[in-house]
Protein chains: 2
Amino acid sequence: MSLPPEFALIARHFRPLAGEGALDLSDDAALLSPPPGLDLVLAADAMVEGVHYLPDDPPETVGRKLLRVNLSDLAAMGAAPLAYLMTTALQRGTPPGWLEGFAAGLAADQREFGLHVLGGDTVATSGAACLSLTILGTVPPGRALRRAGALPGDDLWVSGTIGDGMLGLAVLQGRLPPDDHLARRYRLPEPRLALGAALRGLARAAMDVSDGLIQDLGHLCRAGGLGAVLDLAALPLSPPAAALVGADPSWLPRLATGGDDYELLFAAAPEDAPRILAASRATGTAVARIGHFTPGPAEATVRDHDGRAVTLPRGGWSHF
Amino acid sequence: MSLPPEFALIARHFRPLAGEGALDLSDDAALLSPPPGLDLVLAADAMVEGVHYLPDDPPETVGRKLLRVNLSDLAAMGAAPLAYLMTTALQRGTPPGWLEGFAAGLAADQREFGLHVLGGDTVATSGAACLSLTILGTVPPGRALRRAGALPGDDLWVSGTIGDGMLGLAVLQGRLPPDDHLARRYRLPEPRLALGAALRGLARAAMDVSDGLIQDLGHLCRAGGLGAVLDLAALPLSPPAAALVGADPSWLPRLATGGDDYELLFAAAPEDAPRILAASRATGTAVARIGHFTPGPAEATVRDHDGRAVTLPRGGWSHF
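Residues numbered from 1 in each chain as written. Chains lettered and ligands numbered in written order. Predicted model: local features only at pLDDT ≥ 70, side-chain atom pairs only at ≥ 80, totals over all residues. Heavy atoms only, no water.

Heads up, the rule is: UniProt positions are given in the numbering used here, feature names are shortened, and annotations may be inferred rather than shown by experiment.
As annotated in an unreviewed UniProt entry, chain A carries the name Thiamine-monophosphate kinase and is attributed to Muricoccus vinaceus. Listed under Pathway (unreviewed entry) in UniProt, the entry text for chain A is "Cofactor biosynthesis; thiamine diphosphate biosynthesis; thiamine diphosphate from thiamine phosphate: step 1/1."

Now the structure itself:
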């Protein structure tokens, strides 16, 4: 009896990605001896074709993005990558080349970030492809970064640049002129793992920005039970994003509410600013101080270039 | 700033399911201190609307089936349930009552099987709903049941009854007359956790049957590098399945190739048969001896009532 197609497909594309504990993907489950003396950090994110990636995105970047949006959750907790499980619901008739590229992308990022696949499931769907990944990381006990913990007076920091992901989507959809940097930022987020680890014991609160900076800042406020003031003028922008804002300042609040940033948003005591900047240099990850926390109600206030509070129609992305 | 709809939905339906380590589902990831002295067992299974469940299945049973197909993987490894992560891709406009029922089903089975949710993601899809669950269980180190390990001469056993799941699907699709037992067997598989745990150190190899008994037996043969003979006449059948076979014997091989059984298929030394039967009694789980393992090539041979080898067109279910 030869292998039925589903299992041949798993053997060909996914078995080479399997690591310790995966039992070659040929048992009912994986077996993991937890690394001694560490806590596990676990997160799961799904991506849907046409929602989180475009049908004509290269399959390599689809695989890498699936892994990276989950790695970004580990970064937000200050955790180190360990392994992952993945389920893929794909349309029948998905070309073998697509799967090959998807697996090649996963393989590349497994090497880059040091983790491997433990298990999963491959099924068919009649509709949009659904990719789901559960990631496991490790962190020393009691040292994980959390969303709660910011204090009034703390600085508000963000890593990298904001708004490139939403601009990259606009580029790929033809709503903006071609721009390789922006397209890459949409397709290949940079999980800030080194910075996240360096912020352990230094940041008082942290999260990753994935659904729009302002909406996500609202989560940080609610978790900590305090307010925050965000200065739009301090938003770190990539050169193409800055050029857009220079030509039309109304882009600025839109960048602060677009999704797909996958940057770290965090709080730190003002006296720790030099240590934050040192962590930034040590990890090669840009950071910018974009506001501060306040006593007040648990919500984000956004100020424009003149320091006036502005009201935005929409803080960020919601699926429903 | 009030909660955007996606987060309100998570807070309302899924936060009540969260347990230790889930951080109230309000951080970027969950934190788990692994139970000391135990290995973790991890598996992930996805269900797609219209493929693994019917659009008009009650949402309660959809949630419970999602959990149970994963619990069945733990049972196959002899593991005890610990926790799970889940991603749901649902169509916009899914009625709130559907989600309420889905979460109620999960809550019921969390209580029944003793586990809780750690985290996940809720996104929108334009197509068929995709539900993905990653389950974590525990097993004493070195004691997990595995697919490899059967020896020639070992008995081949199966739990419960075979074929009810596929018959239940036929009932629900109107291809067979109404039958509550069969419909329930399709919608609510019984993960054989107690039997799986009792088989540790007793079964030489085990797996769960989900894609069709004969196809899955092929996996057991390949994993162990040995052959198996399956006696169709020994197949354990529920009363409605037996009635169908009585009226039309051609049903029998179809039951052995249908999917959705979620029973345990395992190997044990013939001299351990009394201990297997004792484990069956102790756990209240019926078992039946349905064949034996042979040296020969790594494939399953199926025999009819007269002991003649039969060839079946299709061993079981494949998605592709």
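There's more to say after this.
### Focus on the UniProt feature "domain: PurM-like C-terminal" (unreviewed entry) in chain A
Filter applied, for reference: By definition, any uninterrupted DSSP run of H or I lasting at least four residues is a helix, any uninterrupted run of E lasting at least two residues is a strand, and each is numbered from the N terminus.
Per the UniProt record, the feature "domain: PurM-like C-terminal" (unreviewed entry) sits at residues 152-299 of chain A. As a span, residues 152-299 of chain A carries 41% helix and 20% strand, and end to end its C-alpha atoms are 13 Å apart.

### Focus on the pattern of salt bridges
Here is the rule: Salt bridges are defined by distance alone: a side-chain nitrogen of Lys or Arg within 4 Å of a carboxyl oxygen of Asp or Glu. Think of it in three bands: residues with accessible area under 20% of the maximum for their type are buried, residues over 50% are exposed, and the middle band is partly exposed, with areas taken using a 1.4 Å probe on protein chains only.
Inspection of the entire model under this criterion finds 38 salt bridges over all chains. Asp 28 of chain B is the salt-bridge partner of Arg 147 of chain A, the closest N and O atoms lying 3.2 Å from each other. One end of the pair, Arg 147 of chain A, is in the loop between strand S5 (130-139) and strand S6 (155-159); the other, Asp 28 of chain B, is in the loop between helix H1 (5-14) and strand S1 (30-32), on a second chain. Between Arg 68 of chain B and Asp 109 of chain B there is a salt bridge, with the nearest N and O atoms lying 2.6 Å from each other. Of this pair, Arg 68 of chain B sits in helix H2 (residues 59-76) while Asp 109 of chain B is found in helix H3 (residues 96-113), placing the two residues 41 residues apart along the sequence. Judged on exposure class, the residue Arg 68 of chain B and its partner Asp 109 of chain B are both buried. Here the residues in one salt-bridge network are Arg 64, Arg 68, Asp 109, Glu 112 and Glu 190 of chain A, joined through shared partners.

### With respect to the packing of helix H4 (residues 164-172) of chain B against helix H5 (residues 180-187) of chain B
Residues and elements named next belong to chain B. Quick note on the threshold: Where helices are involved, their axes are fitted lines through C-alpha atoms of the stretch in contact, as for all axes, and angles between N-to-C directions lie from 0 to 180°. When an angle is under 35 degrees it counts as roughly parallel; over 145 it counts as roughly antiparallel; between 65 and 115 it counts as roughly perpendicular; any other value is oblique. Crossings are classed by handedness, with left-handed meaning an anticlockwise turn of the near helix from the far one by less than a right angle and right-handed meaning a clockwise turn. Throughout, a residue-residue contact means that at least one pair of heavy atoms, one from each residue, lies within 4.5 Å. Residue type decides the class: Asp, Glu, Lys and Arg count as charged, Ala, Val, Leu, Ile, Met, Phe, Trp, Tyr, Cys and Pro as nonpolar, and the leftover types, Gly among them, as polar.
With their axes 7 Å apart at the nearest point, H4 and H5 run at an angle of 110° to one another. Between H4 and H5, the angle falls in the class roughly perpendicular. As for the relative orientation of H4 and H5, their crossing is left-handed in sense. Side by side, H4 and H5 meet where Asp 164, Gly 165, Leu 167, Gly 168, Leu 169, Val 171 and Leu 172 of the first sit next to His 181, Leu 182, Ala 183, Arg 185, Tyr 186 and Arg 187 of the second. Residue classes in the contact of H4 with H5 are distributed as seven nonpolar, three polar and three charged.

### As for the interface of chain A and chain B
What counts is decided by this rule: Buried area: the sum, over both parts, of the accessible surface (1.4 Å probe) that disappears when the two are put together. Polar contact is the term for a pair of N or O atoms within 3.5 Å; when the atoms are in protein, one must be able to donate a hydrogen and the other to accept it, and sequence-neighboring residues count only if both atoms are side-chain atoms. When DSSP finds two or more bridges between a pair of strands, those strands are recorded as paired.
The interface of chain A with chain B comprises 72 residues on the first partner and 71 residues on the second. Approximately 6000 Å² of surface area, both sides summed, lies buried where chain A meets chain B, with 60% of it carried by carbon and sulfur atoms. There are four salt bridges connecting chain A and chain B. Across the pair Arg 146 of chain A and Asp 27 of chain B runs a salt bridge whose closest N-O atoms are separated by 3.1 Å. The interface formed by chain A and chain B holds 21 residue pairs in polar contact (both at pLDDT 80 or more) in total. Class assignment for the residues of the side of chain A that touches chain B results in 41 nonpolar, 17 polar and 14 charged. Bridge count between strand S2 (residues 39-48) of chain A and S1 of chain B: three bridges; the pairing is antiparallel. The partner of Val 41 of chain A across the bridge, within S1 of chain B, is Leu 31 of chain B.

### Quick look at the sheet that holds strand S4 (residues 116-125) of chain A
Overall, mixed pairing links the five strands, which are arranged S4(A)-S3(A)-S5(A)-S2(A)-S1(B) in an open sheet. Either end of the sheet is taken by a strand with one partner, and the two such strands are S4 of chain A together with S1 of chain B. Averaged over all pairs of adjacent strands, the angle between their axes in this sheet comes to 20°, without regard to strand direction. Pairing geometry for S2 of chain A and S5 of chain A, over ten bridges, is antiparallel. Within S5 of chain A, the position partnered with Ala 44 of chain A by the bridge is Thr 134 of chain A. Running over the sheet, helix H1 (residues 5-14) of chain A touches strand S3 (80-91) and S4 of chain A and is turned about 145° from S4 of chain A. Against the sheet, helix H3 (residues 96-113) of chain A engages S3, S4 and S5 of chain A, with an angle of about 170° to S3 of chain A.

### Observations concerning the UniProt feature "binding site: substrate" (unreviewed entry) in chain A
All names here are of chain A. Feature annotation in UniProt places "binding site: substrate" (unreviewed entry) on His 52, Asp 260 and Trp 317, given in this structure's numbering. Locating Asp 260 in the fold gives a position in the loop between helix H9 (251-255) and strand S9 (263-268). With residues near it in sequence (within four places) discarded, Asp 260 still touches Lys 65, Gly 165, Tyr 186 and Ser 210.

### Things to note about the pairing of strand S10 (residues 287-294) of chain B
Residues and elements named next belong to chain B. In terms of residue burial, S10 counts as a mostly covered element, since six of its eight residues are buried. Looking at chain direction, strand S6 (residues 155-159) and S10 are connected through five bridges and run antiparallel. Considered in S10, the bridge of Leu 156 is made with Gly 291. Looking at chain direction, strand S8 (residues 227-231) and S10 are connected through four bridges and run antiparallel.

### A closer look at helix H10 (residues 273-283) of chain A
Residues and elements named next belong to chain A. This is how it is decided: Directions drawn from the helix axis to the C-beta atoms are what define this arc.
Of all the residues in H10, the buried ones are Ala 273, Ile 276, Ala 279 and Ser 280. Buried residues of H10 fall within an arc of 120° about the axis and therefore sit on the same side. Counted as exposed and oriented over 90 degrees from the buried face of H10: Pro 274, Arg 281 and Ala 282. Summarising the contacts, the buried residues of H10 are in contact with S6, helix H6 (193-198), S9 and strand S10 (287-294).

### Digging into the packing of aromatic side chains
Residue and element names in this part refer to chain A. The following threshold applies: Pairing of aromatic rings covers Phe, Tyr and Trp, the last counted by its six-membered ring, and requires centre-to-centre distances within 6.5 Å; plane angles under 30 degrees mean stacked, over 60 mean edge-to-face, and any other angle means tilted. Here, a charge over a ring is recorded when the distance from Lys NZ or Arg CZ to the ring centre is within 6 Å and its angle to the ring normal is within 35 degrees.
The final tally for this structure, using the stated rule, is six aromatic pairs over all chains. Ring geometry for Trp 98 against Phe 102: centres 5.2 Å apart, planes inclined by 15°, an arrangement best described as stacked. Placement of the pair is Trp 98 and Phe 102 together in helix H3, with a separation of four residues, close to one helical turn. Classification of Phe 102 by relative accessible area gives buried; the value is 0%. Note that Arg 254 overlies the ring of Trp 251, its terminal NZ or CZ placed 3.9 Å from the centroid.

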